[in-house]
Amino acid sequence: ITAVEVFVAPNKEAQSISMGKMQLQSGYFNGTKGAETSMQTGTQEMTAEEIAAKKKSVGLIPEMNYKTSGMEYSIKGIETLNGKQYYVLESNDGETKKTDYFDKTTFLKYKTVTVTTKDGETFESERIMSDYKDVNGILFAHKFTQSVSGLNLSGEMKSIQVNGTIDSKMFE
C-alpha cells in the first residue's frame, strides 16, 4: 500500500492511498472546496461545515496556524505516559476533537487521539508517531501506528520529499 500526502502553502492539501495501480482512496482541499473519493462511497464533495472545519486545520503543521485560523484550542497541561512527560494540546474545529501529546523534552508530536461524530456515530482513532528523521531541516516521523475501531495498523515512510514537483490537478 502506498500513501501520498501533498501540502502546498498556504492552504492546499491532497492525499491518495493506492495498492499497486489501483487507487483505494483520494481526497483534496484547495482552500475553498474539496472532496473525497473511495471505492466504497464514490466521490463526496465536502459540505460547508466540513470546509469551515478544514480551513481551521490546514497545512503541514496545522498547530502553527491555530491562533489565526479560528481553531478552538487549549493547552491542558502535562501528562505522563509510559514514564515520559508530554504537553497536552486539545483542539476542536467544529467537526473533530483532537488531543495531541508533544514530548516535553523534544517538543515532537508523539500521539494524536481523534474523536469524530458523523451521522450520529462517534469514531475514535489513535495515531502514535516515532522514528523522527531530518528531511531538509524539518523533523518528520518515519514510523507510525494507528488504531481505529479495534483495527491496528503500522507503517513506515519510505520517502519524504520537501518542495518537490506537484501536479496541480491533485487539487481539482
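About the cut-offs
- Residues numbered from 1 in each chain as written.
- Predicted model: local features only at pLDDT ≥ 70, side-chain atom pairs only at ≥ 80, totals over all residues.
- Heavy atoms only, no water.
- Pairing = 2+ DSSP bridges.
- Helix = DSSP H or I, 4+ residues; strand = E, 2+ residues; numbered from the N terminus.
- Axes fitted to C-alpha atoms, helices over the stretch in contact; angles between N-to-C directions.
- Salt bridge = Lys/Arg side-chain N within 4 Å of Asp/Glu carboxyl O.
- Buried < 20%, exposed > 50% of the residue type's maximum accessible area, 1.4 Å probe, protein only.

*Asks:* Mind showing me how you'd approach the sheet that holds strand 7 (residues 84-92) here?
*Replies:* Hydrogen bonds along the backbone pair up the strands of a sheet, which may run parallel or antiparallel. One open sheet holds the seven strands; their spatial order is 6-7-8-9-10-11-12, and the pairing between them is antiparallel. Strands at the two margins of the open sheet, each flanked by one partner only, are strand 6 (72-81) and strand 12 (151-156). Mean inter-strand twist for the sheet, computed between neighbouring axes without regard to direction, equals 20°. Direction of pairing for strand 8 (residues 96-103) relative to strand 9 (residues 109-118): antiparallel, over a ladder of seven bridges. The partner of Lys97 across the bridge, within strand 9, is Val115.

*Asks:* Whenever I open this one, the pattern of salt bridges confuses me. Can you help?
*Replies:* Oppositely charged side chains are able to pair whenever their charged atoms sit close together. A full pass over the atoms with the stated rule returns eight salt bridges. Two residues, Lys54 and Glu13, come together in a salt bridge whose shortest N-O distance is 2.6 Å. A residue pair is termed long-range when its members are at least 10 positions apart, and Lys54 in helix 1 (residues 48-55) and Glu13 in strand 2 (residues 12-19) qualify at 41 residues. Lys54 gets classed as partly exposed once you look at its relative accessible area, which sits at 22%. Here Lys109 and Asp100 are joined by a salt bridge, their closest N and O atoms 3.7 Å apart. Under the relative-accessibility criterion, Asp100 is labelled buried at 1%.

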